[in-house]
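# Working through the structure, step by step
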Amino acid sequence: MTDTAPAESAGATPPWDEPGPDRRLLSFAVAMAVFGACLAAVGAILPTLEGAASGFTSGPVLLVTAALPAVVAAVLFVRSRTGGAAGVLVGAAVLAPAALLFDLGLLQAPGMATRPELYLPVSLSEPRAGFGLWALLAGHGAAVVAGGWALAALRREPVGESAGLADGDGAGDGAGDEGVLDPWRRRAVRVAVPCSALGACGLLMAPFGSRHPILLDPNAFERPLFELLGLVSAALLLPLGAALLAVLPREASVVRGGLAGLALAALGFAVPPLAAALAMPSLDVAPGPWLVLVAVVGLFAAVGWAVRPDSVRESPAPRGEVRLPGRRRLELAAGALALGTAVAAIAGALLPQVVATGAATAPESPARWVLLVAGVLVGVLGSALFVPRVAAALRPALSVAWVAIPLAATAVLDTALASGYAPSSFSPAPDGPAGSVLGHFTPGSVESGPGVVWTWLALVGAVVTACCVVVAGIVEREDAGEELPEPETGGRVTGAGLRMLTPLTAAGVLSVAAFATPTVTAPDYVEAGLVSHVGPPTWGLVAAVLTVCGAVLLAARSRPARAAALLAGAAGVVALRAATLPLTAGEVSGSSAGTGFWFALAALVALAASAAIAATERGRGDGA
């Protein structure tokens, strides 16, 4: 049962509060969320690290931020506003994995943690995890489970009930006559997504300024691994979650609840560092948390203005199948994102990653020219998407070539991470190990340069570009299925794929070998690999291997024109891998070709042969 406004006609349900989700399953989700909030409260009260205390009285702040999503969902559920309750739980669960990774930083490197609301270091020792930390981690896990159950409750919504709305109220689907979003959804996206993007930037910035002798004020990229992963994940999930929560749910109540839950979850990243800066004399307020609060305000503005009941009721969108925006718009958006990513990559390659003070000489990354070439490659393909005649043909190539940015960026960032640009934490002491590459650095002698920020922006932009390109491909396949006289291959290997089977198999195997073995060898240089000498570049290698192999598999099941473009993009990535040798030869003394270089050349030949076969099959239309 739902509350019904007096102005509504008999038998009609307000579009912003319609019955639909499975109440029994949703009750379990709400109970799990309340249980998770209780666990988070325990973590806020009990010490997270043995023998350690917080830098200020943070219990009330942590209690409120942890309990808000569960309390709001429970109140909505009790008032029979099931759509809103489910949305709040789903929205809060979007950032829960990032919060889990962020708190795992206290378990991985507690001495380097920058969490004064939970732990204020008094020495450089490494305290052990306390019961409070395990309660916090369990609370985040419960939030993820609650969100999953709430999503399952929404998916079990009967079609007849969810569609039982009066014509013209616009809550039953997200698309208008031309397949574009309803006006109220467009307003929600225009408000929530830009504000969330600002909040993502704030998550990557320093949480406060510090004059404390031990407590540092690093940005996200200067933190230990799990804190870095948590903050970067949150920065990616915040705008992405805002966009998906505004577009995908069928009912306006779920949209409002989802955006509100996302805003409440974002408070957990903004309020504690801001409270610490205001409560501790040795800390200063930084702009990062304020930008996250801007995102929170923007999300609530979308809830209160863009998705207000009268705007939903007046939506002219007809009932029908939910469709995504048009392919051409997505291609233009992907092209703009690719150009922005290319500019960031080029800036990251040309600007210094590490800045030295005093007489020290800052190291430069040997891979910076690889990043420069990767940026040019992505920029050229992104520019091509603005040309209608070639956009559809080259879009599949960009769906593979984007991974060139992570492949090169992780190698470039490895120099900054290995140089220890976080003063007093990573920098070795003057009496460091003999022969160490970093032995000449003293605490505070190096700091991160502007190239670090631009490289990270390129890394994030590449992922966003890939998502946009993939969505454009999905829309293209749907359009092709409607327009072509014959159906799509439906997952079968096409005739062109059968003729490419031998070179495709060779290309896949050789590509794995190319990324698993070093391309450059030198007496005093060791290249990071997939299974040996694992480091930050390993993540780029993993992404490249998965993307190239995925393109090879998909090419066998695609129409010849799309298969040729996919293989061309994969060839570009493998060619960049082979180009690592000539591009870094002048930076590494005594460098010579490694095994990976020869494997990359062989894989490039196999990919080129496969693409040539697909191109020759284009005229026959085999497999289309």
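Residues numbered from 1 in each chain as written. Predicted model: local features only at pLDDT ≥ 70, side-chain atom pairs only at ≥ 80, totals over all residues. Heavy atoms only, no water.

### Some details on the confidence of the model for the chain
- For the chain, per-residue confidence averages 77 on the pLDDT scale, and residues scoring 70 or more make up 77% of the total.
- Between the elements of the chain, mean pLDDT differs from a low of 38, seen in helix H5 (residues 159-162), to a high of 91, seen in helix H12 (residues 368-384).
- The model gives residues 1-19 a pLDDT under 50, and that stretch makes 40 contacts with residues more than four places away or in other chains. (pLDDT = per-residue confidence, 0-100. Helix = DSSP H or I, 4+ residues; strand = E, 2+ residues; numbered from the N terminus. Contact = heavy atoms within 4.5 Å.)

### Let's talk about the side chain of Glu227
- Examined against the element boundaries, Glu227 turns out to sit in helix H7 (residues 225-247).
- Residue classification places Glu227 among the buried positions, given a relative accessible area of 0%. (Buried < 20%, exposed > 50% of the residue type's maximum accessible area, 1.4 Å probe, protein only.)

### What about unusual backbone geometry?
- The residue Ser80 is not glycine, and still its phi comes out positive at about 65°.
- Relative to the helices and strands, Ser80 resides in the loop between helix H2 (59-78) and helix H3 (82-108).

### Brief notes about the environment of Ala235
- Summarising the element assignment, Ala235 is placed in helix H7.
- Note: C-alpha distance between Ala235 and Gly202 (33 residues apart in sequence) is 8.3 Å.
- Once you skip the residues sitting within four places of it in the chain, Ala235 turns out to touch Ala200, Leu203 and Leu204.

### So, the packing of aromatic side chains
- According to the stated counting rule, one finds 3 aromatic pairs in the structure shown.
- A centroid spacing of 4.9 Å and a plane angle of 75° characterise the contact between Phe597 and Trp598, whose relative ring orientation is edge-to-face.
- Exposure remark for Trp598: the relative accessible area of 53% places this residue in the exposed category.
- Over the aromatic face of Phe77 sits the side chain of Arg23, whose NZ or CZ is 4.9 Å from the ring centroid. (Phe/Tyr/Trp six-rings, centres within 6.5 Å; stacked < 30°, edge-to-face > 60°. Lys NZ or Arg CZ within 6 Å of the ring centre and 35° of its normal.)

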